[in-house]
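# Summary of the model geometry
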Amino acid sequence: CHRVKYMRCSQAEPVGTPGRPETADGVIPEVTGAVRLYATHTICVSCLACCCQFKRLLPNVKLEVAFDPWRETRRWVGLADAVPLA
């Protein structure tokens, strides 16, 4: 997807500081919470890969992804009368 180029999580403290265990793979298990992501149509493979990377790095953050099918998106943006989908 051209809208999502990369996802980067900033860390408040560098890895290995007191109170923060050092992890070789960059996983940050102490971060908790939830993220809700909405896309106007089905997410592409690169966006899906970003979601997978997010969950790997932040395993205790709940990630919810919702999207509309392209047919529904076309209706909302006024393209329903454009070229019909096969």
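Attention here is on the structure that accompanies the text. (Residues numbered from 1 in each chain as written. Predicted model: local features only at pLDDT ≥ 70, side-chain atom pairs only at ≥ 80, totals over all residues. Heavy atoms only, no water.)

The next thing to look at is the overall build of the protein chain. A tally of regular secondary structure across the protein chain gives two helices and two strands. Along the chain direction, N to C, the helices and strands of the protein chain fall in the order β-α-β-α. Looking at the protein chain as a whole, 15% of its 86 residues are labelled buried. Here the protein chain has roughly 6700 Å² of accessible surface; of this, 61% comes from carbon and sulfur atoms. (Helix = DSSP H or I, 4+ residues; strand = E, 2+ residues; numbered from the N terminus. Buried < 20%, exposed > 50% of the residue type's maximum accessible area, 1.4 Å probe, protein only. Areas by Shrake-Rupley, 256 points an atom, 1.4 Å probe, with all protein chains shown as cover.)

A separate point is the nonpolar core. Membership of the largest hydrophobic core is limited to five residues, which are I28, F54, L57, L58 and V61. Those residues within four positions of L57 in sequence are excluded, and the remaining contacts are D25, G26, V27 and I28. (Core = buried A, V, L, I, M, F, W, Y, C linked by side-chain atoms within 4.5 Å. Contact = heavy atoms within 4.5 Å.)

Here we come to the pairing of strand β2 (residues 61-67). When strand β1 (residues 33-39) meets β2, the two strands line up parallel, connected through seven bridges. Considered in β2, the bridge of Y38 is made with A66. For the crossover from β1 across helix α1 (residues 45-57) to β2, the handedness is right-handed. (Pairing = 2+ DSSP bridges. Right-handed = clockwise from strand over helix to strand, strands pointing away.)

As enumerated under the stated definition, the model contains two salt bridges in all. Residue R36 is joined to E64 by a salt bridge in which the shortest nitrogen-to-oxygen separation is 3.1 Å. You can see R36 sitting in strand β1 and its partner E64 sitting in strand β2, a full 28 residues away along the chain. Classification of R36 by relative accessible area gives exposed; the value is 73%. Its salt-bridge partner being K62, residue E64 comes within 3.2 Å of it at the nearest N-O pair. (Salt bridge = Lys/Arg side-chain N within 4 Å of Asp/Glu carboxyl O.)

Further remarks concern the environment of I43. Relative to the elements of secondary structure, I43 occurs in the loop between β1 and α1. Residue I43 is classed as partly exposed on the basis of its relative accessible area of 22%. In this structure, the C-alpha to C-alpha distance between I43 and P69, residues 26 residues apart in sequence, is 9.7 Å. What I43 contacts, discounting residues up to four positions off in sequence, is L48 and V65.

Quick look at α1 now. With 13 residues, α1 extends 18 Å between its outermost C-alpha atoms, agreeing within 8% with the 18 Å of an ideal straight helix rising 1.5 Å per residue. Burial in α1 covers these residues: C47, C50, C51, F54 and L57. Down the axis, α1 shows its buried residues gathered within 135 degrees of arc, on one side only. In this structure, the buried side of α1 is in contact with β1 and β2. (Expected span 1.5 Å × (residues − 1). Arc of directions from axis to C-beta.)

Spatial relationships are all this shows, so hold off on functional conclusions.
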